[in-house]
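Per-entry structural report
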Amino acid sequence: SEQERIRNFSIIAHVDHGKSTLADQFIRLCGALSEREMANQVLDSMDIERERGITIKAQSVRLQYRADDGQDYTFHLIDTPGHVDFSYEVSRSLAACEGALLVVDASQGVEAQSVANCYTALEHDLEIIPVLNKIDLPAAEPDRVRREIEEIVGLPAANAILASAKDGRGIREILEQVVQDIPAPRGDPAAPLQALIIDSWFDNYLGTVVLVRVMNGSLRPGQKIRTMAGGKEYLVEKTGVFTPKPVHVSALDTGTVGFVIAGIRSIEGARVGDTLTDASRPAPAPLPGFREVQAQVFTGLYPIDSADYERFREALQKLRLNDAALQFEPETSQALGFGFRCGFLGLLHMEIIQERLEREYQLDLLSTAPTVVYEIETTDGEILHLSNPAELPPTNRIREIREPLIRSNILVPEKYLGPVITLCEERRGRQVNLQFTGGQVMVSYELPLNEVVLDFFDRLKSVSRGYASMDYEFSRFQAGPLVKMDILINGEKLDALSWIVHRDFAERRGRELASRLKDLIPRQMFEVAIQAAIGAKIIARETVKAMRKDVLAKCYGGDITRKRKLLEKQKEGKKRMKQVGRVEIPQEAFLAILQTE
Ligand code: GTP
């Protein structure tokens, strides 16, 4: 039957190891697009993604392949995001497959994120085909990389395919192996519909597009469907597949992957991981594994120009249409005025959203340092979850502050192990595992997430000369001696700089921060006092001296046009400053917490 000649698979690869280039080769070989139509890297649909070279939204293509056995096969290649922030999307994409290609850059070796994704694939019982890509590079070391795959991932790799997505070597061999090794989808065409939502996004013309893998039964226009976790009902208007161009089909049968248009107004209505079923003949149970994704990293975002506030709100609402993981709620800061506290899956997710707000919506924003969610138990036994340190209840009402811990796996060449361990220990990490392999070491730590949102990734890269890679997941909340530190500018508390920090580190970090702020806050016409305080106790003090008279005279020498020009120039340069009381504070100051010595 047709179902026996379907193969559903993903590519697991670390960023830059060649996933998109390889996908292009498959599409070429399967003749889905003429060369002329073939834009570079068709799988990545958003500009910003292409520039960053990171796949954010999973997409899928249907390919027709005539194998050496003379039969025609239907492939669904399901794209997965490669970055640690998007691990839930990866796991949903993998749940829609029977197999995966593990693509490793033969000149680089295995990276932590790919290992994590392979484990996820193995949990879903996927058949994994190892591929060593970039074999054309003189620096390729296939033997070492094979050993790493065997020792770190635990997969036999003696027969790993040697490929080059650049010169086309090994491409056909990969597809033959897909046909032979990856099982056809099981599933019962006669059973009630169960379709896994792999992805959903908002399209201005089509409304919400839902990408699904049909596990049992079938989906067709005219059918009434229901989301099993969400409990909402819709009428299917269209069904289709990406080739990669969108093409309408009369039905999505058992085992296939395709898209559904069903008049869903926002992606809230069809969350990734939920199950679609037939409303008039529902399946007895949803597919396993649906969960709500939780934002883990929060930051306050404030328009530099308060007149932009409404535009900012609209921009966030629009972005949220396509990104159910983005959270936001209005927030008021004494220092910064009206803004939003925004929640993200991780630091990369945060950067991407900030960049889109600035580029696509032309907003000038000021951001506060990212924080994590703390669990607070008050003396009345109430449990609060707070992401804004400024909202912490007074000390005498707090019984306990608990911070989120993550479990991280770091993969690093042996010679950089020492500095990586030192870094983890400095960040209050607790080692849970250490495993030596070919030339790399897999070291696992439990770390407080608030130490990681500082500059952990940058430091990790720098102490390992760029060789260490890391993945992490939330592990648990743990109580600790945590205190709130405030920053006072000329005696006034700057709420946007309040910070929760471990008591043992508080004094040192307070001194460092005050000293950094001193360098960042420009001289004003008067003296500026910077203080770090815990409760009523001042732990550090610095002073920004007043500007000298002659400097002032030079800049603003009475000539009003000149002064205006100067101001305009400053505006052009988009210097992000915020007036706090009488003091002008630059954006960098709000992020000064992020750097550690
Ligand atoms: P993300 O989309 O960021 O996840 O990266 P990716 O894994 O899709 O990598 P991509 O296909 O964008 O390739 C990364 C870089 O490696 C590009 O500059 C490619 O041209 C290059 N590249 C990919 N495959 C090969 C190969 O087989 N040989 C050589 N020499 N370069 C390759």
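Residues numbered from 1 in each chain as written. Predicted model: local features only at pLDDT ≥ 70, side-chain atom pairs only at ≥ 80, totals over all residues. Heavy atoms only, no water.

Named according to an unreviewed UniProt entry, the protein chain is Elongation factor 4 originating from Igneacidithiobacillus copahuensis. Per UniProt, the protein chain carries the Subcellular location (unreviewed entry) text "Cell membrane". (UniProt positions renumbered as here; feature names shortened; annotations may be inferred.)

What about the overall build of the protein chain?
Helix and strand counts for the protein chain stand at 15 helices and 31 strands. Residues classed as buried in the protein chain amount to 56% of the 597 residues present. Pairs at least 24 apart in sequence give 69% of the contacts found in the protein chain among residues at least 6 apart. Taken as a whole, the protein chain presents about 26600 Å² of accessible surface, with 48% of it coming from carbon and sulfur. (Helix = DSSP H or I, 4+ residues; strand = E, 2+ residues; numbered from the N terminus. Buried < 20%, exposed > 50% of the residue type's maximum accessible area, 1.4 Å probe, protein only. Contact = heavy atoms within 4.5 Å. Areas by Shrake-Rupley, 256 points an atom, 1.4 Å probe, with all protein chains shown as cover.)

Overview of the packing of aromatic side chains
Considering all chains together, one arrives at 12 aromatic pairs under this definition. Ring pairs connect the aromatic residues Tyr309, Phe312, Phe328, Phe338 and Phe340, which therefore count as one cluster. (Phe/Tyr/Trp six-rings, centres within 6.5 Å; stacked < 30°, edge-to-face > 60°.)

With respect to the UniProt feature "binding site: GTP" (unreviewed entry) in the protein chain
Taken from the UniProt record, the annotation "binding site: GTP" (unreviewed entry) applies to Asp16, His17, Gly18, Lys19, Ser20, Thr21, Asn133, Lys134, Ile135 and Asp136. Inspection of the secondary structure assignment puts His17 in the loop between strand 1 (6-13) and helix 1 (19-29). The class of His17 is buried, set by a relative accessible area of 3%. Mapped onto the elements, Ser20 comes out in helix 1.

Some words on the pattern of salt bridges
On inspection of all chains with the given rule, the structure shows 35 salt bridges. Arg146 serves as the salt-bridge partner of Asp143, at 3.1 Å between the closest nitrogen and oxygen. Highlighted residues: Asp143 and Arg146, both in helix 5 (residues 142-153), separated by 3 residues, approximately one helical turn. Taking the relative accessible area as the measure of exposure, Arg146 reaches 18% and is therefore buried. Across the salt bridge formed by Glu355 and Arg359, the nearest N and O atoms sit 3.2 Å from each other. Note that Glu355 and Arg359 are positioned in helix 8 (residues 347-360) at a spacing of 4 residues, about one turn of the helix. For Arg359, a relative accessible area of 38% puts it in the partly exposed group. Via salt bridges that share partners, Glu375, Glu377, Arg399, Glu400 and Arg402 belong to a single interconnected network. (Salt bridge = Lys/Arg side-chain N within 4 Å of Asp/Glu carboxyl O.)

A few points about the sheet that holds strand 18 (residues 365-367)
The sheet built from 4 strands is open, its strands ordered 16-17-15-18 with antiparallel pairing. Lying at the two open borders of the sheet, with one neighbouring strand each, are strand 16 (327-333) and strand 18. Ignoring strand direction, the axes of neighbouring strands in this sheet form an average angle of 35°. Strands strand 15 (297-303), strand 16, strand 17 (337-344) and strand 18 of the sheet are contacted by helix 7 (residues 309-321), whose axis makes an angle of about 15° with strand 17. Those strands touched by helix 8 are strand 15, strand 17 and strand 18, and its axis lies near 15° from that of strand 15. (Pairing = 2+ DSSP bridges. Axes fitted to C-alpha atoms, helices over the stretch in contact; angles between N-to-C directions.)

Quick look at the layout of surface pockets
Within this model, the largest pocket holds a volume of roughly 1100 Å³. Looking at the lining of the largest pocket, the elements that each hand over two or more residues are helix 3 (87-95), helix 4 (112-123), strand 21 (398-413) and strand 24 (469-479). Looking at which element gives the most residues to the lining of the largest pocket, the answer is helix 4, with 6 residues. Across the lining of the largest pocket, the residue classes tally to 21 nonpolar, 11 polar and 12 charged. (1 Å grid on protein atoms, 1.4 Å probe; cavity = no way out; pocket = protein on both sides within 12 Å on 5 of 7 lines; lining within 4 Å. Points joined across faces, edges and corners; volume = space filled by probe spheres on them. Nonpolar A, V, L, I, M, F, W, Y, C, P; charged D, E, K, R; others polar.)

Remarks on helix 1
The element helix 1 is extensively covered by neighbouring structure, given that 8 of its 11 residues are classed as buried. Listed as buried for helix 1 are Lys19, Ser20, Leu22, Ala23, Asp24, Gln25, Phe26 and Ile27. Those residues of helix 1 hidden inside the fold are in contact with strand 1, strand 2 (60-66), strand 3 (72-78), strand 4 (99-105) and helix 6 (171-181). Two residues or fewer after helix 1 comes Gly31, characterised by a positive phi angle close to 65°.

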